[in-house]
Amino acid sequence: MGRAIVITSGKGGVGKTTTTANLGTALAQLGHSVVLVDADIGLRNLDVVMGLENRIVYHVVDAIKGKCTVQKALIKDRRLENLWLLPASQTDDKDAVTPDDMRTLVFELKLQYDFVIIDCPAGIEQGFKNAIAGADEAIVVATPEVSSIRDADRVVGLLSAADVPARLVVNRISPALVKRGDMLSQSDVIEILALEMLGAIPLDDQVIATTNKGVPAVLEGKSLAAREFIRIAKVLSGLEVEAEKSVGFFTRIGRALGLSATPA
Amino acid sequence: MDPSTAALALDETPSVIDELSAPVDGPAALLRGTARGLEMVVNGRAPVDAVIAALTARLEEAPAFFRGSNVRIAVEHGPLPAGCLSRLDDLAVAFALSIIEVGAAKAKDPVPRANLAAGSGPTAEMFGDEEPTGTIKPALLLAQLASTGGAQPIAPASTGLSEPVELAPAELTEMVEVDPAGQAEPDPLHLGAAAEFAVEEPTHTGKAPIALAAMPEIPAPSEGTRLVIGPVRSGVILEHEGHLFIFGDVNPGAEVRATGNIIVLGRLRGTAHAAIGQDVGFILALRLEPQQLRIGRRVTRAGDDASPPTDSEIAYIAGDAIVVERYLGKLPRNLATSI
């Protein structure tokens, strides 16, 4: 039986889709069978980020409504054998499916795949409720900004009300800005959100570049962000103890960016 | 025996009976209580009259109290002067005491009572004697006393009592036989923990020293007090009729509401409304940094240039406004009286 993980945030634009694409790809690279589910119905992006938008024939609403089997709607990744995408519909909106529909769908996918990664839309309304239905756990993505943290806190409250355990990924963190006092630090974020920390993705231009090309950053594997995604994937698959690694990693970021004494 | 009287009497025993102690170093005699019971400490160098007078004076302070006690005689700077022991015996009879042991005063107990009662013959080891000469063997003296039936001048030890003399066990046993009832009761003066002077122990009577009803209290409403484990997340409304305790933070965007008082054992960063429908109430937090505070019908917010607090703070209504004070362990005076 596979695991269903929903990537959520509350706030839009903090990196949920990028995280879904990169984590999914990294897990597939580690040898697991992975299916990515785009739950952002009406505003689909996961297919673009994965570079598979030209291959969509059927989508998740089709599969739920019974127009096709789930198998027919799944798209195999261009590069990796064991990575699949279930795209969202662009022409429907979030009321097209119900939480129960999603629960059934996700359960069916869990029977066939090691990991079911669900890309949650921004907000806390129907789309959010649909996306978390059927999830075993959640990864909350937040950037070190007050508005993002506020929304993430709201989402964590809703997740705990729904009995979905959550962990935190801090995205787009800049050690230089943290050092200058212009950005909240990793520990500031954790202090407010009071969540178990999974990882911290540094602000990385590589990610933007590769996203636009439809190539997840972990496929190149060299950038700092890519390495952190890969490390998180290892943690998710139970391969690595994260605590000691985090400290060393931050120092490495600092040094790579040319800072002599970087705070952990 | 009344324990309270015991405490009173024995408190005074260490005092010296000075008018009788002039020619000797130290007091002529002392009466004191030890863990093993009543003890007469006799200064062997003091005149017999002084010794007896001193002890008589002490015993006369509370004759009823001492009546029936077993008493040990501990001799300092021995030996006992001539005639002293029989005078002590008379004294004991007069005050209805039983002399159960006579020995040299030592830091440690020289003779375990059990040994005497068992009737084994006295030896130097038993008395723990280390003084070479001039040491009496009290058991011997007592035995003599018994056998002669009364007062008899006792020669000073130097005339031949320095050697332990074997006595017929039966004789000895009879004399020093411990009152079985007394033996069964290791505390003949019923002093309990107070018997040992060295150690101050409280009497455990099981009663609280102050009646609890005397403490001032804030009444709890019928709904009771609720203890919630935080953090209270953004968007959550936590309501309670009664007093509300939160162990953890109240995050910005969260609302906590109560008809009673609100105490946040964490950071209050959301909105809190206490004393809903009342006029009096307070909000206390380890770190009071709220978006808004409401008490009763009043509202307030932190000033625009307010810095984060460094101490616990309490907010309450004073006059027409909500005031915020540092909370250092006591409720503010005007709040405590009005609540």
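The coordinates are above.
Some words on the interface of chain B and chain A
With ten residues of chain B at the interface, the matching set in chain A holds ten residues. For the interface between chain B and chain A, the tally reads two salt bridges. The partner of A:Asp153 in a salt bridge is B:Arg233, with the nearest N and O atoms 2.8 Å apart. Where chain B touches chain A, the interface holds six residue pairs in polar contact (both at pLDDT 80 or more). A per-class count over the side of chain B that touches chain A returns two nonpolar, four polar and four charged.

Some points on the packing of helix α1 (residues 16-29) of chain A against helix α12 (residues 224-236) of chain A
Residue and element names in this part refer to chain A. Contact geometry for α1 and α12: axes closest at 9 Å, N-to-C directions at 65°. For the element pair α1 and α12, the recorded crossing hand is right-handed. Counting all contacts with α1, which are made through Thr18, Thr19, Asn22, Leu23, Ala26 and Leu27, the residues of α12 involved are Phe229, Ile230, Ile232, Ala233 and Leu236. When grouped by side-chain class, the residues that make up the contact of α1 with α12 number eight nonpolar, three polar and no charged.

Quick word on the packing of helix α7 (residues 146-161) of chain A against helix α9 (residues 186-193) of chain A
Residue and element names in this part refer to chain A. For the pair α7 and α9, interaxial distance at closest approach is 10 Å and the crossing angle is 35°. Taken as a pair, α7 and α9 cross one another with a handedness that is right-handed. In contact with Ile149, Ala152 and Asp153 of α7, α9 contributes Val189, Ile192 and Leu193. Taken together, the residues of the contact of α7 with α9 break down into five nonpolar, no polar and one charged.

Some remarks on the sheet that holds strand β7 (residues 166-173) of chain A
Residue and element names in this part refer to chain A. Ordered by their spatial adjacency, eight strands build an open sheet running β3-β4-β2-β5-β1-β6-β7-β8, and the pairing between neighbours is mixed. Each end of this open sheet is capped by a strand with a single partner; those strands are β3 (75-76) and β8 (196-202). Most of the contacts of helix α5 (residues 99-112) go to strand β5 (residues 115-119), to which it runs at about 145°, and overall it touches β1 (3-8), β2 (34-38), β4 (83-86) and β5. In the packing of α7 onto the sheet, the strands contacted are β1, β6 (137-142) and β7, and the crossing angle to β6 comes to about 170°.

Concerning the sheet that holds strand β3 (residues 70-76) of chain B
Residue and element names in this part refer to chain B. Taken in spatial order, the four strands of this open sheet run β1-β2-β3-β4, and their pairing is mixed. Of all strands in the sheet, those bounded by a partner on one side alone are β1 (29-34) and β4 (98-104). Geometrically, the sheet is characterised by an average inter-axis angle of 25° between neighbouring strands, direction not taken into account. In this structure, β3 lies alongside β4, joined through six bridges in parallel fashion. When the sheet's bridge partners are listed, Arg72 is paired in β4 with Glu101.

Some words on the pairing of β8(A)
Residue and element names in this part refer to chain A. Counting buried residues along β8, six of its seven residues qualify, which places the element largely inside the surrounding structure. Alignment of β7 against β8, held across six bridges, turns out to be parallel. Residue pairing across strands places Ile173 opposite Pro202, the latter belonging to β8.

Examining α5(A)
All names here are of chain A. Compared with the 20 Å implied by 1.5 Å per residue over 14 residues, the 21 Å span of α5 between its first and last C-alpha is a close match. Where α5 is concerned, the buried positions are Met102, Leu105, Val106, Leu109 and Lys110. All buried residues of α5 project into a common sector of 140° when viewed along the axis, lining one side. In α5, those exposed residues whose orientation departs by more than 90 degrees from the buried face are Asp100, Thr104 and Leu111.

Digging into the pairing of β5(A)
Residue and element names in this part refer to chain A. Judged by how many residues are buried, β5 sits mostly within the fold: five of five residues are covered. Both faces of β5 are covered, namely the face carrying Phe115, Ile117 and Asp119 and the face carrying Val116 and Ile118. Across five bridges, the pairing between β1 and β5 is parallel. When the sheet's bridge partners are listed, Ala4 is paired in β5 with Val116. Looking at chain direction, β2 and β5 are connected through five bridges and run parallel. Along β5, the bridge assignment pairs Val34 with Phe115.

What to know about the packing of aromatic side chains
Residues and elements named next belong to chain B. Within this structure, the stated rule accounts for two aromatic pairs over all chains. With a centroid separation of 4.9 Å and 65° between ring planes, the pair formed by Phe65 and Phe66 is classed as edge-to-face. With respect to burial, Phe65 and Phe66 carry one shared label: buried. Between the aromatic rings of Phe245 and Phe247, the centroid separation amounts to 6.3 Å while the plane-to-plane angle is 20°, which identifies the pairing as stacked. Exposure remark for Phe245: the relative accessible area of 25% places this residue in the partly exposed category. Judged by its relative accessible area of 39%, Phe247 is partly exposed.

Structural notes on the layout of surface pockets
Volume-wise, the largest pocket comes out at about 510 Å³. Lining the largest pocket are 30 residues, with A:Gly13, A:Val14, A:Gly15, A:Thr18 and A:Arg172 positioned closest to its centre. Contributing elements (two or more residues each) for the lining of the largest pocket: α1, α2 (46-50), β7, β8, α10 (205-213) and α12 of chain A. The residue makeup of the lining of the largest pocket, split by class, is 14 nonpolar, nine polar and seven charged. Computed from the structure, the second largest pocket encloses a volume of approximately 350 Å³. If you trace the second largest pocket, you find 17 residues lining it, with B:Leu288, B:Pro290, B:Ala302, B:Gly303 and B:Ala306 closest to the centre. Looking at the lining of the second largest pocket element by element, the count peaks at three residues for strand β15 (residues 321-326) of chain B. Taken together, the residues of the lining of the second largest pocket break down into ten nonpolar, three polar and four charged.

Some points on the nonpolar core
Residues and elements named next belong to chain A. Within the largest apolar cluster, 51 residues are counted, with the highest numbers of intra-cluster contacts made by Leu109, Ile118 and Leu159. Of the residues forming this core, the biggest block, five residues, is contributed by α7. Contacts of Leu159, omitting those with residues within four sequence positions, involve Thr8, Phe128, Ile132, Ala138, Val140, Val164 and Ala166. Counting 36 residues, the second-largest nonpolar core is a separate cluster that includes Val34, Leu80, Val169 and Phe229.

Details of the environment of B:Leu328
All names here are of chain B. Within the secondary structure, Leu328 sits in the loop between β15 and α10 (333-338). For Leu328, a relative accessible area of 63% translates into the label exposed. When the C-alpha atoms of Leu328 and Ser312 are compared, they prove to be 7.0 Å apart, with 16 residues separating the residues in sequence.

About the thresholds
Position numbers for residues start from 1 in each chain and track the written sequence from start to end. Lettering of chains starts at A and numbering of ligands starts at 1, both following the order in which they are written. Per-residue local features of the predicted model are confined to residues with pLDDT of at least 70, and side-chain atom pairs are confined, for both listing and counting, to 80 or more; whole-chain, interface and lining totals are unaffected and use all residues. To get the side-chain values, take all heavy atoms of the structure and skip hydrogens and water. A contact between two residues is defined here by any heavy atoms of the two lying within 4.5 Å. Criterion for a salt bridge: a side-chain nitrogen of Lys or Arg within 4 Å of a carboxyl oxygen of Asp or Glu. N or O atoms within 3.5 Å of each other form a polar contact, as long as, within protein, one can give a hydrogen and the other can take it, and as long as residues adjacent in sequence are counted only when both atoms are side-chain atoms. Polar here means any residue other than Ala, Val, Leu, Ile, Met, Phe, Trp, Tyr, Cys and Pro, which are nonpolar, and Asp, Glu, Lys and Arg, which are charged; Gly is therefore polar. Note on definitions: angles span 0 to 180 degrees between N-to-C directions of axes, and those axes are lines fitted to C-alpha atoms, for helices only across the stretch in contact. To qualify as a helix, a DSSP run of H or I must reach at least 4 residues; to qualify as a strand, a run of E must reach at least 2; elements of each kind are numbered from the N terminus. By definition, turning the near helix anticlockwise from the far helix through less than a right angle yields a left-handed crossing, and turning it clockwise yields a right-handed one. Only when DSSP finds a minimum of two bridges between them are two strands counted as paired. Residue exposure (1.4 Å probe, protein chains only): buried if accessible area is under 20% of the type maximum, exposed if over 50%, otherwise partly exposed. Expected helix span is computed as 1.5 Å times (number of residues minus one). This arc describes the spread of directions from the helix axis toward the C-beta atoms. Planes of paired rings set the category: under 30 degrees apart is stacked, over 60 is edge-to-face and the rest tilted, where pairs are Phe, Tyr or Trp rings (Trp by its six-membered ring) whose centres lie within 6.5 Å. Using only the protein atoms, space was sampled on a 1 Å grid; points where a 1.4 Å probe fits but cannot get out form cavities, open sets with protein on both sides within 12 Å along at least five of seven lines form pockets, and lining residues are those with an atom within 4 Å of a point. Grid points are joined across faces, edges and corners, and a volume is the space filled by probe spheres set on the points. The nonpolar core is taken to be a set of buried Ala, Val, Leu, Ile, Met, Phe, Trp, Tyr and Cys residues, with the residues joined through side-chain atoms within 4.5 Å.

All quantities given are derived from atomic positions and should not be read as evidence of function.
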